Number of protein chains: 2
Amino acid sequence: MKPAILHTALIQHPCEADPAANRATTADAIRKAASRGAQLVLLQELHATPYFCQVEDTANFDLAEPVPGPTTDWLAELAAELKLVIVGSLFERRDAGLYHNTTVVLDHGRLAGRYRKMHIPDDPGYHEKFYFTPGDLGFAPVDTSVGRLGVLVCWDQWFPEAARLMSLAGAQLLLYPTAIGWDPADDADEKARQLEAWVTVQRGHAVANALPLLACNRCGFEARPGDDAAGIAFWGNSFACGPQGEVLARADDAPRTTVLSCDIDMARSEAVRRIWPFLRDRRIDAYEDLLLRYRDGTADEK
Amino acid sequence: MKPAILHTALIQHPCEADPAANRATTADAIRKAASRGAQLVLLQELHATPYFCQVEDTANFDLAEPVPGPTTDWLAELAAELKLVIVGSLFERRDAGLYHNTTVVLDHGRLAGRYRKMHIPDDPGYHEKFYFTPGDLGFAPVDTSVGRLGVLVCWDQWFPEAARLMSLAGAQLLLYPTAIGWDPADDADEKARQLEAWVTVQRGHAVANALPLLACNRCGFEARPGDDAAGIAFWGNSFACGPQGEVLARADDAPRTTVLSCDIDMARSEAVRRIWPFLRDRRIDAYEDLLLRYRDGTADEK
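If you're wondering where the values come from, they're calculated on a predicted model, not measured in any experiment.

## Concerning the overall build of chain A
At step 1: Helix and strand counts for chain A stand at seven helices and 15 strands.
At step 2: On C-alpha atoms alone, chain A measures out to a radius of gyration of 19 Å, which is about the 19 Å that the 2.2 N^0.38 rule sets for 302 residues.
At step 3: Relative to its full complement of 302 residues, chain A shows a buried share of 60%.
At step 4: Expressed as a percentage of contacts within chain A between residues at least 6 apart in sequence, the contacts between residues at least 24 apart total 70%.
At step 5: Total accessible area on chain A is roughly 10,700 Å²; 51% of this is exposed by carbon and sulfur atoms.

## Observations concerning the state of the cysteines
By definition, a disulfide links the sulfur atoms of two cysteine residues through a covalent bond.
At step 1: All chains considered together, the criterion is met by zero disulfides over all chains.
At step 2: As a non-bridged cysteine, Cys262 of chain A has Cys241 of chain A as the owner of its nearest cysteine sulfur, 9.2 Å distant.
At step 3: Of the cysteine sulfurs around Cys216 of chain B, a residue in no disulfide, the closest is that of Cys219 of chain B, at 9.1 Å.
At step 4: Since its relative accessible area comes to 0%, Cys216 of chain B is described here as buried.

## Looking at the sheet that holds strand E4 (residues 98-107) of chain B
Pairing between the strands of a sheet comes from backbone hydrogen bonds, and it takes one of two forms, parallel or antiparallel.
Residue and element names in this part refer to chain B.
At step 1: Within the open sheet, the six strands sit side by side as E5-E4-E3-E2-E1-E15. Their pairing is mixed. Whereas interior strands pair on both sides, the edge strands pair on one side only; in this sheet they are strand E5 (110-116) and strand E15 (258-265). Strand-to-strand twist in this sheet, taken as the mean axis angle between neighbours without regard to direction, amounts to 30°.

## Looking at the packing of aromatic side chains
All names here are of chain A.
At step 1: With the rule as written, the count across this model stands at 50 aromatic pairs over all chains.
At step 2: Ring geometry for Phe52 against Phe132: centres 6.2 Å apart, planes inclined by 65°, an arrangement best described as edge-to-face. Placement of the pair is Phe52 in the loop between strand E2 (40-43) and helix H2 (70-82) and Phe132 in the loop between helix H3 (128-131) and strand E6 (142-144), with a sequence separation of 80 residues. Of the two residues, Phe52 and Phe132, neither departs from the other in class, the shared state being buried.
At step 3: Where Tyr131 meets Phe132, the ring centres are 6.3 Å apart and the plane angle is 50°; that geometry is what we call tilted.
At step 4: Among the aromatic residues, those joined into a ring-pair cluster are Phe52, Phe61, Phe91, Tyr99, Phe130, Tyr131 and Phe132.
At step 5: A cation sits over an aromatic face here: Arg218 above Phe234, 5.4 Å from the ring centre.

## Notes on the packing of helix H1 (residues 19-35) of chain A against H2 of chain A
All names here are of chain A.
At step 1: As a packed pair, H1 and H2 sit with axes 11 Å apart at the nearest point and diverge in direction by 20°. As summarised for this structure, H1 and H2 are arranged roughly parallel, according to the angle between their axes. Regarding H1 and H2, the two cross each other, and that crossing is right-handed. Facing H1, whose interface residues are Arg23, Thr26, Ala27, Ile30, Arg31 and Ala34, H2 presents Thr71, Trp74, Leu75, Leu78, Glu81 and Leu82.

## Focus: the sheet that holds strand E10 (residues 213-217) of chain B
All names here are of chain B.
At step 1: Spatial ordering of the open sheet is given by E6-E7-E8-E10-E13-E14, a layout of six strands whose pairing is mixed. Sheet topology places strand E6 (142-144) and strand E14 (247-250) at the edges, where each strand pairs with a single neighbour. Along the sheet, successive strands turn relative to each other by an average axial angle of 20°, direction set aside.

## Some thoughts on the pattern of salt bridges
Should their charged atoms come close, side chains of opposite charge can pair.
At step 1: Summed over the entire model, instances satisfying the criterion amount to 42 salt bridges over all chains.
At step 2: For Arg295 of chain A, the salt bridge identified is with Asp289 of chain A, shortest N-O distance 3.3 Å.
At step 3: Exposure remark for Arg295 of chain A: the relative accessible area of 22% places this residue in the partly exposed category.
At step 4: One salt bridge in this structure joins Arg116 of chain B and Glu92 of chain B, with 3.0 Å as the shortest N-O distance. Residue Arg116 of chain B is located in strand E5, and its partner Glu92 of chain B is located in strand E3 (residues 85-95); the two are separated by 24 residues in the primary sequence.
At step 5: The class of Glu92 of chain B is buried, set by a relative accessible area of 2%.
At step 6: Ionic contacts of the salt-bridge type, sharing partners, join the residues Glu92, Arg94, Arg114, Arg116 and Asp136 of chain A into one network.

## A short note on the interface of chain B and chain A
At step 1: Each partner contributes to the interface: chain B provides 65 residues, whereas chain A provides 65 residues.
At step 2: In total, about 6,300 Å² of surface goes out of reach between chain B and chain A, with carbon and sulfur atoms giving 58% of it.
At step 3: For the interface between chain B and chain A, the tally reads eight salt bridges.
At step 4: Inspection of the region where chain B meets chain A yields 34 residue pairs in polar contact (both at pLDDT 80 or more).
At step 5: Within the residue set of the side of chain B that touches chain A, elements represented by two or more residues are helix H4 (160-168), helix H5 (188-209), helix H6 (268-275) and helix H7 (278-281) of chain B.
At step 6: Examining the composition of the side of chain B that touches chain A, we find that eleven residues originate from one element, H5 of chain B, more than from any other.
At step 7: Split by residue class, the side of chain B that touches chain A holds 31 nonpolar, ten polar and 24 charged.

## Considerations on the relation of the copies chain B and chain A
At step 1: Least-squares fitting of chain B to chain A yields an RMSD of 0.0 Å, with the superposition described by an axial translation of 0.0 Å and a rotation of 180°. Such a turn and shift between the copies fits a two-fold axis. Closest approach to the rotation axis within chain B is made by the C-alpha atom of Gly204 of chain B, at a distance of 2.5 Å.
At step 2: Of the interface residues in chain B, 100% have counterparts in chain A that sit at the interface too, so the contact is made through matching surfaces.

## Quick notes on the pairing of E14 of chain B
On any regular strand, side chains alternate: one points to one face of the sheet, the next to the other face.
All names here are of chain B.
At step 1: Strand direction decides the pairing type here: strand E13 (residues 239-241) and E14, joined by three bridges, are antiparallel. The residue bridging Cys241 from the neighbouring strand is Val247, located in E14.
At step 2: Counting the residues in the hairpin turn of E13 and E14 gives five residues, including Gly245, whose phi is positive at 80°.

## Observations regarding the nonpolar core
At step 1: Among the nonpolar cores identified, the biggest contains 150 residues, and Leu40, Leu149 and Trp158 of chain A together with Leu40, Leu149 and Trp158 of chain B are the most heavily contacted of them.
At step 2: Once residues lying within four places of it in the same chain are set aside, the contact partners of Leu40 of chain B are Leu6, His7, Thr8, Ala9, Val85, Val87, Val146, Leu149, Leu173, Leu175 and Leu214 of chain B.
At step 3: Ranked by size, the runner-up nonpolar core spans 22 residues in total, among them Ala34, Val67, Leu75 and Ile86 of chain A.

## Remarks on the confidence of the model for chain A
At step 1: Residue-level pLDDT values for chain A average 96, and 97% of them are 70 or greater.
At step 2: The ipTM value of the predicted complex is 0.96, and its pTM value is 0.97.

## Describing the packing of helix H5 (residues 188-209) of chain A against H5 of chain B
At step 1: Between H5 of chain A and H5 of chain B, the shortest axis-to-axis distance is 7 Å and the interhelical angle comes to 115°. H5 of chain A and H5 of chain B meet at a crossing whose hand is left-handed. Here H5 of chain A contributes Glu196, Ala197, Thr200, Val201, Arg203, Gly204, Val207 and Ala208 of chain A to the contact with H5 of chain B, which in turn contributes Glu196, Ala197, Thr200, Val201, Arg203, Gly204, Val207 and Ala208 of chain B.
At step 2: Grouping the constituent residues of the contact of H5 of chain A with H5 of chain B by class yields eight nonpolar, four polar and four charged.

## Focus on helix H4 (residues 160-168) of chain A
Residues and elements named next belong to chain A.
At step 1: Among the nine residues in H4, nine count as buried, and that is most of the element.
At step 2: Buried within H4 are the following residues: Pro160, Glu161, Ala162, Ala163, Arg164, Leu165, Met166, Ser167 and Leu168.
At step 3: Phi turns positive one or two residues past the end of H4, at Gly170, with a value near 90°.

Reading the values: rules and limits
Residues numbered from 1 in each chain as written. Chains lettered and ligands numbered in written order. Predicted model: local features only at pLDDT ≥ 70, side-chain atom pairs only at ≥ 80, totals over all residues. Heavy atoms only, no water. Helix = DSSP H or I, 4+ residues; strand = E, 2+ residues; numbered from the N terminus. Rg over C-alpha atoms; globule rule 2.2 N^0.38 Å. Buried < 20%, exposed > 50% of the residue type's maximum accessible area, 1.4 Å probe, protein only. Contact = heavy atoms within 4.5 Å. Areas by Shrake-Rupley, 256 points an atom, 1.4 Å probe, with all protein chains shown as cover. Disulfide = S-S within 2.5 Å. Pairing = 2+ DSSP bridges. Axes fitted to C-alpha atoms, helices over the stretch in contact; angles between N-to-C directions. Phe/Tyr/Trp six-rings, centres within 6.5 Å; stacked < 30°, edge-to-face > 60°. Lys NZ or Arg CZ within 6 Å of the ring centre and 35° of its normal. Parallel < 35°, antiparallel > 145°, perpendicular 65-115°, else oblique. Left-handed = near helix turned anticlockwise from the far one by under 90°. Salt bridge = Lys/Arg side-chain N within 4 Å of Asp/Glu carboxyl O. Buried area = accessible area lost by both parts, 1.4 Å probe. Polar contact = N/O pair within 3.5 Å; in protein donor to acceptor, adjacent residues only side chain to side chain. Nonpolar A, V, L, I, M, F, W, Y, C, P; charged D, E, K, R; others polar. Least-squares fit on C-alpha atoms with pLDDT ≥ 70 in both. Core = buried A, V, L, I, M, F, W, Y, C linked by side-chain atoms within 4.5 Å. pLDDT = per-residue confidence, 0-100.

So, in structure tokens, the structure goes:
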């Protein structure tokens, strides 16, 4: 029996250099969320470490671990003790030279499933293509005691395809562990546009699929190793929205630990889809070109 | 030579029963837009008539006309005289029993192209499946003197697939003539959620494709024929946004004619795509299931 109202919590925090300190922060926050009645806790992307992708350094592969492994064991123990579902994020070592950015789902004591980040960014300060092999598990939601979870990761949040594929596979909730922030060199207007673009595109996925959505981002400034003048000011602003994209809860960008609690009405999607039945009207006979990189041939005339 | 700054105007107005009156309103507004320097004018969906799809009535097929035909001739003449591009919308008669909801693009005096609405809604008060055969021209942008235009229609605006396909075909601007409004029976909270969902999902398409976007909706209350107590309060709120989804101009819902002018920086998409290169990272090897209606097999377990 799935709950009609799902009590969720998003845990947003700055990361220290020491993974043990981050794990302690996370565990304390999960306990706090549980004490408030959370049944599902979403953690931020790569919550045990600083965002190491600011530079390409082979030593950072030491941060990776197998799945199942120490982090999933630790989260499973917490999830069992506190009787809830935890969606965590880690750097997965699959073999030498084969690593993934992986979301893991712990349902009480059980590793219910994993998702390997499919869309991998590579921008100045986000050298993820160096570290993360693109996922090969596709867009498969994970069944849990609180519902079928469409777990994705960060850069996936810009791609409507990812949300749609989760939706077509029956996901009841979209979840995005995230690590995104501002370049301090950008001006205030550009920073505002970027943050609102990030919120808006995800709210758009919620609308287009009539699904609730949780996005959990880190916060705090992390200097770039070797260049303290550069770095990323992670913008926090973790949020939850409903199936019409309506924001239900939103954190700020302050560099402190926030436990953002939000109740999600899991019956609301059904009501919204009855009046806005987008899945009924998709033109699957005319979508074939979505499988192309680009429709070449006439762009030169532009 | 395409302009770097494109002067656009959206024309939002209530519709009267008499098509000649609506055409006069439209022509006056286009002249006003031209006098302000507009190079591209977007009209609302089915701007010459009331939104006749509130009921299923075979007499309404009399409102349809061929393309090219009287409306495209009239708009072409205006576009030639005022030296601009007009994106109009009409009820197209292709043959007996074969009608479309069609966007037409008049580039100065020339019919540059058309788009037949691909996604057809059918909800209480919006009986479009009765009137409109689903489009069979696919998602093909129209080349004009002001750029390559991704013209779509109304219900298409809820489908990320439509915007993406236009983007993959090199569209430089997305345009949505629209007719959407509130059911007076809904409460204020639901009305607010619907309006914001409509704005948000389209801003999301702008973000996901790093393209500017124009949406032009009608305004004013139209009673349902045969039931004056029912009807649609078209919510106006026509808007323009940039390639980060940033709102550049937005009308209100007042039942009067509004000429909403907005300058679009057509070079901005290039700058945004250099830092957020989503087209580079699409997982076209893993999108095949987008061509499915649904991924069946496990939904019953939910």
